[in-house]
Structures are given as C-alpha cells and as structure tokens.
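Coordinate inspection notes
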Amino acid sequence: MAETSDFKAEPPEGIDALGASSEGASLYEQIREDIIEGRLAANERLVVTDLARRHGTSTNPVREALQLLRGEGFVTFIPNRGARVRPIDQDFVRDIYEIGVLIEPALTRWFVGMATEEDIAELERLQGLIEENNFADPLRHSELDTAFHTVMYQRHYNRHAAELWWKHREVLRAVSRRFNFTLARRAAIIREHRELIALVKSGEADKAAELIARHVEGSGRHVLEHMRARSAARAG
C-alpha cells in the first residue's frame with residue numbers, strides 16, 4: 001500500500017487551495033493546528049508581532065495567515081480590538097456541516113447528469129483504495145475520501161459553490177482529525193459510497209442527492225458526538 005505522502009487530494013481545478021504565499025500558507029496551518037488543539041485558547045487575542053516572534057518570521061506572513069483563518073471562521077476581527085480565536089465548539093461544526101447538507105445535493109444532482117464512464121471508473125478506483133486502506137491510516141483515508149468527492153464536484157459550472165464546498169470540507173477535515181471513526185461510521189461510509197456509485201451509474205440524480213445529504217449530515221453528527229463526549233469527559 002502506498003504511503004500517505006504518496007497521495008494528496010487536490011482542490012477542484014481553478015480553485016487555489018489557500019491563495020497564499022508558501023510562508024503564509026505554512027503559518028496558516030501551524031496557527032490553525034494551535035487553535036484546533038487548544039494551544040491558542042478560545043477568544044484569545046492574536047497579536048501579529050507576538051505571533052511573528054513566536055514563529056520566527058516577519059509580520060506580513062502572519063497577517064496573511066490570519067486573513068485566511070478569518071475566511072474559514074477560525075479567527076474573528078473586532079474593530080479596535082484586533083484578531084481573536086473563534087471558539088471551535090459544537091455550534092461552529094454544526095454551522096459548517098449544515099452548509100454542506102444544503103449545497104452538496106445540488107452539486108451531486110448536476111454531476112449525475114454529466115458523469116462520464118471515466119468519472120465512474122475514477123470513483124470506483126478511489127473507493128477501492130479507500131476499502132484497501134480500511135481506515136488503517138486515517139490521514140490516507142481523509143485524502144482518498146476528499147478525492148472521491150472532488151471527482152463529483154470539480155467540473156461544476158458554479159465555481160463559487162465548488163470553492164465553498166472545498167473550504168468547508170477542509171475545515172471539517174482539520175477539526176475531525178482529533179477523532180477516530182466508530183465502527184458504525186466506518187460501515188456507513190463504505191456502504192454509502194458504494195450506493196452512491198450505483199446511483200451515478202443508473203442516472204438516479206434525485207436519489208443520489210438525497211443520499212449525499214444523509215452522508216454529509218452523518219459525517220457532521222459523528223464529529224459532534226465526539227465533541228460532546230470529550231466535553232462530558234472533561235466536565236466529569
């Protein structure tokens with residue numbers, strides 16, 4: 001089996017994954033990880049000069065990274081008070097995945113009407129790799145799963161919708177890395193992917209759209225359940 005580093009999902013064509021310089025993108029990932037892991041606390045003030053000193057860089061890449069984080073909802077900017085860490089709580093995750101529930105069925109419905117034999121073959125290839133990995137390498141699964149869904153959305157004419165999907169998926173991917181898949185969720189992912197491929201093959205656009213809505217909601221609820229469990233454990 002290939003190593004995780006051998007496969008990395010790419011955003012739909014024409015969509016810049018981050019739209020930042022290499023240094024700004026690197027800082028963005030580091031600061032985002034600090035927020036998700038709680039090393040930067042909720043509502044903590046983010047001072048540009050302090051972050052630049054901490055990461056051994058100038059202030060420009062820090063500003064660039066903070067703007068990227070603002071665009072994804074990890075950071076808020078308050079007039080006369082600067083940037084602060086947005087709490088990565090259950091409301092945040094719910095809001096993100098509910099947007100996916102709204103837009104992904106429309107993207108999927110369009111894809112079913114446009115899917116080629118090559119598209120279906122690529123979905124089957126990626127699904128085979130997902131099942132071969134069988135969740136043994138969580139990072140590899142994440143990349144393969146993202147690539148699977150990208151096949152369906154990458155050619156959609158509404159580039160704003162495709163970009164919104166990509167950015168929100170990347171947010172949920174970052175947050176969900178902290179949690180393992182339950183056996184029930186693993187089974188659901190495999191089953192729903194297989195069903196989706198079958199519906200694409202048969203041209204059943206409405207059923208495919210309904211399935212993807214359940215699939216996205218199931219992923220979001222899975223993350224929320226883990227977050228609730230973690231909160232309960234800390235409280236206890």
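Since the structure is predicted, the reported quantities are computational estimates derived from the model, not experimental observations. (Residues numbered from 1 in each chain as written. Predicted model: local features only at pLDDT ≥ 70, side-chain atom pairs only at ≥ 80, totals over all residues. Heavy atoms only, no water.)

A few points about the overall build of the chain
To keep things clear, this is the line we draw: In this description a helix means any DSSP run of H or I spanning at least four residues, a strand means any run of E spanning at least two, and both kinds are numbered starting from the N terminus. Only protein chains enter the area calculation, which uses a 1.4 Å probe; residues under 20% of their type maximum are buried, those over 50% are exposed, and those in between are partly exposed. What makes two residues a contact is simply this: any of their non-hydrogen atoms within 4.5 Å. Neither His nor the chain termini are counted; the positive set is Lys and Arg, and the negative set is Asp and Glu. A single reference atom marks each charge: NZ on Lys, CZ on Arg, CG on Asp, CD on Glu.
When helices and strands are tallied, the chain shows nine helices and three strands. Dimensions of the chain, computed from C-alpha atoms along their principal axes, come out at roughly 55 × 45 × 35 Å. Expressed as a percentage of the 236 residues in the chain, the buried residues total 45%. Sequence-distant contacts in the chain: of pairs separated by 6 or more residues, those separated by 24 or more amount to 73%. Of the charged side chains in the chain, 33 are positive and 38 negative; the average position of the first set lies 7 Å away from that of the second.

Side note on the UniProt feature "domain: HTH gntR-type" (unreviewed entry) in the chain
For clarity, the cut-off: UniProt positions are given in the numbering used here, feature names are shortened, and annotations may be inferred rather than shown by experiment.
Feature annotation in UniProt places "domain: HTH gntR-type" (unreviewed entry) on residues 21–88, given in this structure's numbering. Summarising residues 21–88: 54% helix, 15% strand, and an end-to-end C-alpha distance of 26 Å.

Brief notes about the pairing of strand 3 (residues 82–85)
Inclusion rule: Note on pairing: two strands pair once DSSP finds at least 2 bridges between them.
Relative to strand 3, strand 1 (residues 45–46) is paired through two bridges, and the arrangement is antiparallel. Across the sheet, residue leucine 46 finds its bridge partner in strand 3, namely alanine 83. Here strand 2 (residues 75–78) runs beside strand 3; their pairing, made up of four bridges, is antiparallel. When the sheet's bridge partners are listed, phenylalanine 77 is paired in strand 3 with alanine 83. Linking strand 2 to strand 3, which pair antiparallel, is a turn of three residues; within it asparagine 80 sits at a positive phi near 70°.

Things to note about the layout of surface pockets
As a reminder of what qualifies: Whether a set of points on the 1 Å grid over the protein atoms alone is a cavity depends on a 1.4 Å probe fitting there but being unable to get out, while an open set qualifies as a pocket with protein on both sides within 12 Å along at least five of seven lines; lining residues are those with an atom within 4 Å of a point. Grid points are joined across faces, edges and corners, and a volume is the space filled by probe spheres set on the points. Any residue that is not Ala, Val, Leu, Ile, Met, Phe, Trp, Tyr, Cys, Pro, Asp, Glu, Lys or Arg is counted as polar, Gly included; the first ten are nonpolar and the last four charged.
Approximately 300 Å³ is the volume found for the second largest pocket. Residue lining of the second largest pocket: 19 residues in total, with Ile36, Ile88, Asp89, Arg178 and Arg234 positioned closest to the centre. No other element matches the four residues that helix 9 (residues 205–235) contributes to the lining of the second largest pocket. Across the lining of the second largest pocket, the residue classes break down as ten nonpolar, three polar and six charged.

Quick notes on the nonpolar core
To be explicit about the condition: We define the nonpolar core as a collection of buried residues of types Ala, Val, Leu, Ile, Met, Phe, Trp, Tyr and Cys that are connected through side-chain atoms lying within 4.5 Å of one another.
Ile35, Leu46, Leu66, Phe74 and Val93 are the most contacted members of the largest nonpolar core, which totals 32 residues. Only helix 1 (22–36), helix 2 (48–55), helix 3 (59–72), strand 3, helix 4 (90–114), helix 7 (159–176) and helix 9 provide two or more residues apiece to this core. Discounting chain neighbours no more than four positions away, the residues touching valine 93 are Leu172, Val175, Gly220, Val223, Leu224 and Met227.

Points about helix 8 (residues 183–202)
Note the cut-off: Here a helix's expected span is defined as the number of its residues, less one, multiplied by 1.5 Å.
Over its 20 residues, helix 8 runs 29 Å from end to end, which matches the ideal 28 Å to within 8%, given 1.5 Å per residue. For helix 8, the full list of buried residues reads Arg185, Ala188, Ile189, Ile190, Glu192, His193, Leu196, Ile197, Leu199 and Val200. Each element contacted by the buried residues of helix 8 is listed here: helix 4, helix 5 (117–133), helix 6 (138–153) and helix 9. Note on helix 8: the residue one or two positions beyond its end, glycine 203, has a positive phi of about 75°.

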